[in-house]
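Chain by chain, the residues:
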Amino acid sequence: MRKIILGLGISLDGYIARLNGTVDFLFMPKDYSMAPFFATIDTCVLGRKTLDAAFKMGGSISSFGEMAAYVFSRTQRPGERDGLTFVNESPAAFVARLRKRKGKSKDIWLMGGGELAREFLKADLVDELYIGMVPVLLGEGIPLFPSGFPQRNFALVENKTYSKGMIGLKYKRVSSKAKRKS
């Protein structure tokens, strides 16, 4: 089954962006590469606010490469345009449909933001967490995990230290006895 992997960078105090949406505090050390991660995914899911922030920072549709890119939005009409597919449905319905798509066999990257992560966690859809933690305390910002979802348990499967003090953390979902059906 295709896994949903929530993967992104955060500050030490758990923020994915400043209050204005910028992520200027995040960095990629020279000894860290996203290539192994990108080799395992073929689909990207993000929120509209995250997409807008990426475009403001110079990103473009080509940033997604050959990945299918789905954008959850309450304001954009659903459908495909400009290389993106806009979605306005429950995460559970969307993931059930996405996991059944023929021709796609790699994992699904849930790249943000916090509100979308909360909805996926509420629906118990997040299978793994890949978090790059940078040694910066922001004091305020947009949290990775806004409140409003039930407890979810994860087990640490990998932690690595990189230059400039970044730590890469990988966690796998620990399912309850009543294993969820997907």
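The following refers to the structure shown.

Calculation rules
Residues numbered from 1 in each chain as written. Predicted model: local features only at pLDDT ≥ 70, side-chain atom pairs only at ≥ 80, totals over all residues. Heavy atoms only, no water. Helix = DSSP H or I, 4+ residues; strand = E, 2+ residues; numbered from the N terminus. Buried < 20%, exposed > 50% of the residue type's maximum accessible area, 1.4 Å probe, protein only. Salt bridge = Lys/Arg side-chain N within 4 Å of Asp/Glu carboxyl O. Pairing = 2+ DSSP bridges. Axes fitted to C-alpha atoms, helices over the stretch in contact; angles between N-to-C directions.

1. Quick look at the environment of E66
If you trace the backbone, E66 turns up in the loop between α2 (48-56) and β4 (68-72). Look at E66 and you get exposed, because its relative accessible area is 83%. Put simply, E66 and G83 are 17 residues apart on the chain and 9.8 Å apart in space, counted from C-alpha to C-alpha.

2. Examining the pattern of salt bridges
Considering all chains together, one arrives at 14 salt bridges under this definition. Between D107 and K3 there is a salt bridge, with the nearest N and O atoms lying 3.7 Å from each other. One end of the pair, D107, is in strand β7 (residues 107-112); the other, K3, is in the segment before β1 (4-11), and 104 residues separate them in sequence. Across the pair R99 and D127 runs a salt bridge whose closest N-O atoms are separated by 2.8 Å.

3. A word on the sheet that holds strand β6 (residues 84-87)
The strand order β5-β6-β4-β3-β7-β1-β8-β11-β10 describes an open sheet built from nine strands, whose pairing is mixed. Each edge of the open sheet is held by one strand with a lone partner, namely β5 (79-81) and β10 (153-161). Between one strand axis and the next, the sheet turns by 25° as a mean value, whatever way the strands run. Where β10 and strand β11 (residues 167-174) come together, eight bridges link them in antiparallel fashion. When the sheet's bridge partners are listed, F154 is paired in β11 with R173.

Note that all results are geometric; they support no functional claim without further evidence.
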